[in-house]
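# Structural description and commentary
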Amino acid sequence: MDLLIQLAGTGIIILTLLDIYLTVLFHRLGSSVVSMPLNRGIWCFLRLVTQVIPSKSDRLLAHSGSIMIVAILAVWAASLMSGFALIIFPELGSAIQASEGKTPTDFITALYYSGFSFTTLGTGDLVPKTATYRLLTLLEAALGFSSFTITITYLLSVYNALITRNTFALSLYHRTDGTGDAAELLARLGASGELSGIQQDLSNMARDLIELLELQHSYPVLIYFRFRETYYTLPRVILLAIDTASLIKSALNAEKYRSLLHSTAVAELWGGSTHILSELSQSILPKHRIKCDRQMELVWRKRYYDAVERLSAEGIETATDREAGAELYVALRRKWQPLLTTLSNYLAVDL
């Protein structure tokens, strides 16, 4: 039985160290063992709470990312201390003894000794008597110091990444004059019908979006930082980027703006947008997808005609065959709208 207890403790330690490695050092979305399931569980719990008190939903969900960070760090520390405590527990009174008097042999004492070792504080009332447990105490202290250093670095990195995401989101929002409309963004980029210089702007947007994807890879918890202002949310950022690319492909005059339509900037913007949706779909989002119906496609078609009117009013030449352009826009939107709607529903964002 003692051996089984110690094996269980060893397993907990290995699992925790593996999760720390995958979460902090191996920057791939959805690779963690404990952290991502924990984040999903906390998110589902918070969503259930908001259904009970819907008036407080935005305020409560705004704290979700911070709650998850605290929970992850607490689970890591508690798991490592508990794992070492399970290894130490059977040896209380023999390999580990009290410096004075009788040695307590309960699990709380083992956890107490493990906690002091993990936090590198040391304790004088319990002393390891064998070389093996002296080395084990030293190992736990080293892991404790390393874990604190790594988690502090991780915490700072997450919030730096969050600032980067929020800066990009706010920039996109103000480029649309606060409307959050891709047609408005495109019209302002090509003010007075001049689109020759917007490739650099689109390329910068695409690079920022791809950086956002890599930040999401590195810090999966980032997706759960959801602020009350919709323009900060990831679905809104993706919508602006991918809808801009869709309108460029379908609403502009293909002859006059051929160099723009076939530019690397537009390809990068479209590819980056669909890539981030695909990655999130495979790693985080629920498997069921929102299906497109005829009514939804009618809304998209009206959206297309409204966008064309806005672009024309700015002096930008639009597609000569508007019906064919609308068909192309609807076809493009069929590719990304179900995933984006699934993402926005999952994150409780009203697009």
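Cut-off values and rules
- Residues numbered from 1 in each chain as written.
- Predicted model: local features only at pLDDT ≥ 70, side-chain atom pairs only at ≥ 80, totals over all residues.
- Heavy atoms only, no water.
- Helix = DSSP H or I, 4+ residues; strand = E, 2+ residues; numbered from the N terminus.
- Rg over C-alpha atoms; globule rule 2.2 N^0.38 Å.
- Buried < 20%, exposed > 50% of the residue type's maximum accessible area, 1.4 Å probe, protein only.
- Contact = heavy atoms within 4.5 Å.
- Areas by Shrake-Rupley, 256 points an atom, 1.4 Å probe, with all protein chains shown as cover.
- Lys, Arg positive; Asp, Glu negative; His and termini not counted.
- Charge placed at Lys NZ, Arg CZ, Asp CG, Glu CD.
- Expected span 1.5 Å × (residues − 1).
- Arc of directions from axis to C-beta.
- Core = buried A, V, L, I, M, F, W, Y, C linked by side-chain atoms within 4.5 Å.
- Domains from an automatic or database assignment.
- pLDDT = per-residue confidence, 0-100.
- UniProt positions renumbered as here; feature names shortened; annotations may be inferred.
- Axes fitted to C-alpha atoms, helices over the stretch in contact; angles between N-to-C directions.
- Parallel < 35°, antiparallel > 145°, perpendicular 65-115°, else oblique.
- Left-handed = near helix turned anticlockwise from the far one by under 90°.
- Phe/Tyr/Trp six-rings, centres within 6.5 Å; stacked < 30°, edge-to-face > 60°.

What follows covers the overall build of the protein chain. Across its full length, the protein chain carries 13 helices and 2 strands. Taking 2.2 N^0.38 as the reference for a compact globule, 351 residues should give roughly 20 Å; the C-alpha atoms of the protein chain span a radius of gyration of 27 Å, well beyond that estimate. On the principal axes, the C-alpha backbone points of the protein chain span a range of 90 × 40 × 30 Å. Every one of the 351 residues in the protein chain was classed for burial, and the buried ones make up 48%. In the protein chain, the share of contacts with a sequence separation of at least 24, taken over all contacts with a separation of at least 6, comes to 78%. In the structure as shown, the protein chain presents an accessible area of about 16500 Å², 61% of it carried by carbon and sulfur atoms. Across the protein chain, 30 positive and 31 negative side-chain charges occur, with their mean positions spaced 3 Å apart.

Okay, helix 2 (residues 35-52) next. If you check helix 2, its first and last C-alpha atoms are 26 Å apart, about what 18 residues at 1.5 Å a residue would give, namely 26 Å. For helix 2, every residue scored as buried is listed here: Ser35, Met36, Asn39, Ile42, Trp43, Leu46 and Thr50. Axial view of helix 2: buried residues confined to an arc of 125 degrees, hence all on one face. Facing away from the buried surface of helix 2 by more than 90 degrees, the exposed residues are Phe45, Leu48, Gln51 and Val52. Close packing links the buried residues of helix 2 with helix 1 (2-25), helix 3 (57-61), helix 4 (64-88) and helix 13 (322-346).

Leu202, Leu247, Leu252, Leu260 and Leu343 are the most contacted members of the largest nonpolar core, which totals 100 residues. The biggest single contributor to this core is helix 9 (residues 234-251), with 11 residues. In terms of domain composition, this core takes at least three residues from each of domain 1 (1-152) and domain 2 (177-347). Those residues in contact with Leu247 that sit more than four places away from it in its chain are Ala182, Ala183, Leu186, Leu252, Arg303, Tyr304, Ala307 and Tyr329.

Let us look at the confidence of the model for the protein chain. Across the protein chain, the average pLDDT comes to 89, with 97% of residues at or above 70. Helix 9 holds the highest mean pLDDT among the elements of the protein chain, 94, whereas helix 3 holds the lowest, 83.

What follows concerns the UniProt feature "transmembrane region" (unreviewed entry) in the protein chain. According to UniProt, the "transmembrane region" (unreviewed entry) feature falls on residues 6-26, 66-90 and 135-156. Counting secondary structure, residues 6-26 comes out at 95% helix and 0% strand; the distance between its end C-alpha atoms is 28 Å.

On to unusual backbone geometry, then. Note on backbone geometry: most residues besides glycine have negative phi, and most peptide bonds are trans. Backbone geometry places Asp177, a non-glycine residue, at a positive phi of 60 degrees. Considering the arrangement of structural elements, one finds Asp177 in the loop between helix 6 (131-175) and helix 7 (182-189). Classification of Asp177 as exposed rests on a relative accessible area of 51%. Unlike most non-glycine residues, Ala348 shows phi in positive territory, near 55 degrees. The residue Ala348 is located in the segment after helix 13 in this model. Residue class for Ala348 comes out partly exposed when judged on its relative accessible area of 25%.

One way to put it is that helix 1 packs onto helix 6 with a least axis distance of 12 Å and a crossing angle of 25 degrees. One finds that helix 1 runs roughly parallel with respect to helix 6. Seen from above, helix 1 lies across helix 6 with left-handed handedness. For the pair formed by helix 1 and helix 6, the contact residues are Gln6, Leu17, Ile20, Thr23 and Val24 on the first element and Tyr133, Leu143, Ser147, Ile150 and Tyr154 on the second.

Glancing now at the environment of Ala319. Positionally, Ala319 belongs in the loop between helix 12 (294-313) and helix 13. Residue class for Ala319 comes out buried when judged on its relative accessible area of 14%. Separated by 203 residues in the primary sequence, Ala319 and Phe116 place their C-alpha atoms 71 Å from one another. Here Ala319 is in contact with Ser250, Ala251, Leu252, Asn253 and Tyr304, once residues within four sequence places are set aside.

Next up on the list: the packing of aromatic side chains. Going through the model one piece at a time under the given rule, you end up with 14 aromatic pairs. Summarising the aromatic geometry, the rings of Tyr231 and Tyr232 are spaced 4.9 Å apart at their centres and angled 50 degrees between planes, so their arrangement reads as tilted. Here Tyr231 falls in the partly exposed class, since its relative accessible area comes to 24%. What links up through ring pairs into an aromatic cluster is the set Tyr173, Phe227, Tyr231 and Tyr232.

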